[in-house]
Amino acid sequence: MSTTDQKRTHRPRTPRSPAKLALRALIAMALLVDAMVHLDLAGGYQLAAPSGLGAGNLFRLESVVAVGAAVFVLVRGNRSSYAAAFVVAASALSAVLLYRYVDVPALGPFPAMYEPLWFPEKTLSAIAEATAAIAAGAVLLKSRRP
Amino acid sequence: MIIKPALTAIAAATLIVGLSGCGSSATTAPSTTTAVASPSMSATHTPPGAATSASPSAGRAVLITIKDYKFTVPTSVAPGATVMIMNLDAVNHTFTSVTAGAFNVTAVAGATETFTAPSKPGSYMFKCTFHANMTGALVVK
């Protein structure tokens with residue numbers, strides 16, 4: 001085995017610094033909170049906005065994707081997993097802000113989901129999404145290749 | 001010889017117009033359906049855009065509106081009064097008593113529902129079962 005191969009073998013796949021481990025845990029936890037809130041609200045929202053795919057089914061889809069991204073971050077903790085976490089969290093945050101402030105009509109499979117208010121669960125999921133997006137974005141920026 | 005295909009075309013066009021006319025009248029015709037779970041009450045549903053028919057009790061009806069996920073409820077309603085719920089939101093809501101069985105009406109987006117208020121005076125806490133943050137109280141006296 002050459003020296004280069006030995007270095008490659010012993011190089012840790014993911015950084016092990018306490019700060020980075022804490023960030024990984026934070027991102028995963030935030031995504032899981034987001035998933036739980038969406039799953040909890042899905043039943044009612046499906047009945048409230050059943051057209052197209054239905055708001056509840058979109059919530060369930062968001063939950064599944066968020067859990068997947070959280071597991072990806074926990075298991076791999078590489079750039080791809082942080083990128084996935086960032087995309088999932090940022091898109092969910094964009095959607096909740098869009099439907100909070102803009103009366104978007106039903107569009108294809110997406111029902112009208114305008115909801116001009118905040119309530120504890122919704123606020124919690126938005127904070128969780130923002131946390132995950134900011135933390136994942138920060139890790140991505142810091143680990144940017146020269 | 002040219003007349004025969006022309007007659008056939010006219011007959012086909014008449015048939016198509018006739019069939020489409022039947023379809024549109026069926027979809028726009030006002031319908032009334034029961035939309036309440038409580039056996040002691042009755043409720044009706046008027047689809048969006050359908051004309052509401054006047055009835056002897058229409059002048060005494062009480063109106064509750066739902067807009068931007070908020071209920072606007074009159075100060076009080078008389079026992080057994082006819083209550084109309086107008087949902088101005090783009091999503092469905094419910095008008096459900098916290099105490100099971102008092103009233104439970106599904107307010108379809110853009111439609112107006114009608115139900116009969118409880119006959120027993122009191123303050124009835126209600127909620128939207130789809131949106132747990134939507135709550136209020138209906139005073140019957």
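Use the structure listed above.
Here we summarise the structure given alongside this text. (Residues numbered from 1 in each chain as written. Chains lettered and ligands numbered in written order. Predicted model: local features only at pLDDT ≥ 70, side-chain atom pairs only at ≥ 80, totals over all residues. Heavy atoms only, no water.)

This part takes up the pattern of salt bridges. With the rule as written, the count across this model stands at one salt bridge over all chains. With a shortest N-O distance of 2.9 Å, Lys122(A) and Glu115(A) are connected by a salt bridge. (Salt bridge = Lys/Arg side-chain N within 4 Å of Asp/Glu carboxyl O.)

It is worth spelling out the interface of chain B and chain A at this point. Facing eight residues of chain B, the contacting portion of chain A comprises twelve residues. The largest per-residue losses of area from chain B upon contact with chain A belong to Tyr69(B), Phe130(B) and Asn133(B), which jointly make up 51% of the total buried on that side. There are three residue pairs in polar contact (both at pLDDT 80 or more) connecting chain B and chain A. Considered class by class, the residues forming the side of chain B that touches chain A number four nonpolar, three polar and one charged. (Contact = heavy atoms within 4.5 Å. Buried area = accessible area lost by both parts, 1.4 Å probe. Polar contact = N/O pair within 3.5 Å; in protein donor to acceptor, adjacent residues only side chain to side chain. Nonpolar A, V, L, I, M, F, W, Y, C, P; charged D, E, K, R; others polar.)

This brings us to the packing of helix α2 (residues 18-48) of chain A against helix α4 (residues 79-101) of chain A. Residue and element names in this part refer to chain A. Where α2 contacts α4, the axes come no closer than 11 Å and their chain directions differ by 40°. The orientation of α2 relative to α4 falls into the category oblique. Crossing handedness for the pair α2 and α4: left-handed. Together, Lys 20, Arg 24, Ile 27, Leu 31 and Asp 34 of α2 and Tyr 82, Ala 85, Val 88, Ala 89 and Ala 92 of α4 make up the contact between the two elements. Here the residues of the contact of α2 with α4 sort into seven nonpolar, no polar and three charged. (Axes fitted to C-alpha atoms, helices over the stretch in contact; angles between N-to-C directions. Helix = DSSP H or I, 4+ residues; strand = E, 2+ residues; numbered from the N terminus. Parallel < 35°, antiparallel > 145°, perpendicular 65-115°, else oblique. Left-handed = near helix turned anticlockwise from the far one by under 90°.)

Residues and elements named next belong to chain B. In space, the four strands of this open sheet follow the order β6-β5-β8-β9, with antiparallel pairing throughout. Only two strands of the sheet have a single neighbouring strand rather than two, namely β6 (104-107) and β9 (135-140). Strand-to-strand twist of the sheet, defined as the mean angle between neighbouring strand axes without regard to direction, takes the value 25°. As judged from the four bridges shared by strand β5 (residues 93-97) and β6, these two strands associate in the antiparallel manner. Note on β6: the bridge partner recorded for His 93 is Ala 107. (Pairing = 2+ DSSP bridges.)

Residue alternation in β6(B) divides its side chains into a buried set, Val105(B) and Ala107(B), and an unburied set, Asn104(B) and Thr106(B). Taking the residues that link successive antiparallel strands as the turn, the β5(B)-β6(B) hairpin has six residues, and the phi of Gly101(B) there is positive, at about 95°. (Buried < 20%, exposed > 50% of the residue type's maximum accessible area, 1.4 Å probe, protein only.)

All right, on to the layout of surface pockets then. Residues and elements named next belong to chain A. When its volume is computed, the largest pocket comes out at roughly 650 Å³. What lines the largest pocket is a set of 29 residues, among which His 38, Phe 59, Ala 95, Val 96 and Met 113 lie closest to the centre. Going through the elements one at a time, α2, α3 (55-75), α4 and α5 (120-142) are the ones with two or more residues in the lining of the largest pocket. The dominant element in the lining of the largest pocket, judged by the number of residues it contributes, is α4, at seven residues. Partitioning the lining of the largest pocket into residue classes produces 21 nonpolar, three polar and five charged. (1 Å grid on protein atoms, 1.4 Å probe; cavity = no way out; pocket = protein on both sides within 12 Å on 5 of 7 lines; lining within 4 Å. Points joined across faces, edges and corners; volume = space filled by probe spheres on them.)

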